[in-house]
Amino acid sequence: MKEFKTIKNYYKPIQPTVKAENGKIVYQEIRPDNEIENLVYCLWQLRTQKTLNKPFIYRVVSDGCIDIFFDHNQPSKNFVMGFCRKYTEFPIGKTFDYIGVRFLPSAFPLLFGIDAKTLSNQSQELKHVLPNFSNWISAKIAPLDSFENITNHLNKKLIDITEKQNFQYDQRFFSSLNHIFRKNGYLNTEKELNTGLSPRQLRRIFNYYIGTTAKTFSNVVRFQHILNANPSKQSLKENKLYFDVGFFDQAHFIKNFKSFYGVTPSEAFG
């Protein structure tokens with residue numbers, strides 16, 4: 001399992017777009033139990049504390065992960081969201097309470113045997129992908145349950161699934177994945193991933209485990225590296241962090257960043 005540990009140590013997929021509207025919106029993340037921390041990045045909740053004045057548009061930035069999530073008030077409304085190559089926006093109303101699990105890259109296909117490519121760039125009902133897990137959420141989670149109790153249920157369920165799973169994976173894929181993380185996504189995937197996989201094999205295996213090509217995934221890793229650096233608007237101009245990860249000019253960086261985040265770096269870090 002050391003391969004999974006390396007992913008956890010090198011990659012921290014964050015969702016930074018939720019900003020409280022006068023304390024009316026709460027977003028929180030809880031780390032999973034130790035037994036599954038190499039597969040699950042976090043369990044999260046997004047909810048309103050008060051009714052908003054207008055419907056909220058939730059923007060999800062590209063993070064390379066797959067999420068399972070559900071409506072806390074109606075747990076039977078549960079979904080899975082695959083890898084997204086650009087930001088996605090959801091209108092979710094004036095009041096809401098969503099709870100989810102964010103799986104680290106490659107963990108979802110390994111746990112459930114689902115081809116990640118079939119989930120990419122979309123959100124769909126979980127019952128069409130994992131009917132047993134969907135039914136479990138509907139039966140086990142109650143609207144009155146606290147977030148703490150729900151995370152306990154989810155941790156136990158995922159630990160149980162993990163213990164029953166006989167993981168079969170290609171070491172060459174993990175070598176490629178780790179190299180991408182170590183380079184913060186800044187590399188030529190066609191020339192630098194010398195792990196014994198042909199270009200066709202590399203494309204096939206990344207599509208299955210990640211949901212996209214190695215090149216597109218590397219671009220997301222590079223974007224997340226910039227988010228994790230948490231630069232200010234001023235420091236971004238002065239230090240030009242984007243040069244360090246392969247952008248040759250500011251215009252190219254801004255265009256790339258906006259496709260993943262939905263706003264320019266100045267708006268995100270201002």
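Residues numbered from 1 in each chain as written. Predicted model: local features only at pLDDT ≥ 70, side-chain atom pairs only at ≥ 80, totals over all residues. Heavy atoms only, no water.

J.: Outline the packing of helix α5 (residues 171–182) against helix α7 (residues 199–209), listing residues and values.
T.: Put simply, α5 and α7 touch, their axes get as near as 11 Å, and they point 80 degrees apart. Comparing the axis directions of α5 and α7 gives the class roughly perpendicular. Residues Arg172, Phe173, Ser176, Leu177 and Ile180 of α5 form the contact with α7, whose own contacting residues are Gln201, Leu202, Ile205, Phe206 and Tyr209. (Axes fitted to C-alpha atoms, helices over the stretch in contact; angles between N-to-C directions. Helix = DSSP H or I, 4+ residues; strand = E, 2+ residues; numbered from the N terminus. Parallel < 35°, antiparallel > 145°, perpendicular 65-115°, else oblique. Contact = heavy atoms within 4.5 Å.)

J.: Now, about the pattern of salt bridges: what can you tell me, with residues and values included?
T.: Summed over all chains, the structure comprises ten salt bridges. The closest approach of N and O atoms between aspartate 63 and arginine 102, which form a salt bridge, is 3.7 Å. Within this pair, whereas aspartate 63 is found in the loop between β3 (57–60) and β4 (66–71), its partner arginine 102 is found in strand β7 (residues 97–103), the two being separated by 39 residues in sequence. Taken individually, aspartate 63 and arginine 102 each receive the classification buried, so the pair is uniform in this respect. In this structure, the salt-bridge partner of glutamate 125 is lysine 127, at a minimum N-O distance of 3.6 Å. (Salt bridge = Lys/Arg side-chain N within 4 Å of Asp/Glu carboxyl O. Buried < 20%, exposed > 50% of the residue type's maximum accessible area, 1.4 Å probe, protein only.)

J.: Before we move on, could you go through the environment of glutamine 168 and cite the residues and values that matter?
T.: When you line up the elements, glutamine 168 lands in the loop between α4 (147–164) and α5. A residue is classified by how much of its surface remains accessible, and glutamine 168, at 57% relative accessible area, is exposed. It is 9.9 Å that separates the C-alpha atoms of glutamine 168 and leucine 111, two residues lying 57 residues apart in sequence. Those residues in contact with glutamine 168, other than ones at most four positions away along the chain, are Leu110 and Tyr209.

J.: Account for empty space enclosed by the protein, with residues named and values stated.
T.: Over the atoms rolls a probe the size of a water molecule, and in doing so it shows where empty space is left. All chains considered together, the criterion is met by one cavity of 30 Å³ or more. For the largest cavity, the full set of lining residues is Gly64, Cys65, Ile66, Phe103, Leu104, Pro105, Ser106, Phe108, Tyr209 and Ile210. For the lining of the largest cavity, the per-class residue count stands at eight nonpolar, two polar and no charged. (1 Å grid on protein atoms, 1.4 Å probe; cavity = no way out; pocket = protein on both sides within 12 Å on 5 of 7 lines; lining within 4 Å. Points joined across faces, edges and corners; volume = space filled by probe spheres on them. Nonpolar A, V, L, I, M, F, W, Y, C, P; charged D, E, K, R; others polar.)

J.: I'd love a proper account of the layout of surface pockets, names of residues and values included.
T.: Counted as a void, the largest pocket has a volume near 320 Å³. Those elements giving two or more residues to the lining of the largest pocket turn out to be β2 (40–48), β3, β4, β5 (74–81), β6 (88–91) and β7. In terms of residue class, the lining of the largest pocket is built from 13 nonpolar, four polar and four charged.

J.: Mind laying out the packing of aromatic side chains, listing which residues take part and the relevant values?
T.: Within the structure shown, the criterion is met by 27 aromatic pairs. One aromatic cluster is present, formed by Phe223, Tyr242, Phe243, Phe247, Phe253, Phe257, Phe260, Tyr261 and Phe269 through successive ring pairs. The positively charged end of arginine 31 is found above the aromatic ring belonging to tyrosine 41, 4.4 Å away from the centroid. Over the face of the ring belonging to phenylalanine 247 we find arginine 222, whose NZ or CZ atom lies 3.9 Å from the ring centre. (Phe/Tyr/Trp six-rings, centres within 6.5 Å; stacked < 30°, edge-to-face > 60°. Lys NZ or Arg CZ within 6 Å of the ring centre and 35° of its normal.)

J.: Would you mind going over the packing of helix α3 (residues 131–140) against α4 in detail, with residue names and values included?
T.: Axis separation between α3 and α4 bottoms out at 12 Å; the angle between their running directions is 150 degrees. By the angle class used here, α3 and α4 are roughly antiparallel. For the element pair α3 and α4, the recorded crossing hand is right-handed. Contacts between α3 and α4 involve Phe133, Trp136 and Lys140 from the first element and His153, Leu154, Lys157, Leu158 and Ile161 from the second. A breakdown of the residues in the contact of α3 with α4 according to their chemical character gives five nonpolar, one polar and two charged. (Left-handed = near helix turned anticlockwise from the far one by under 90°.)

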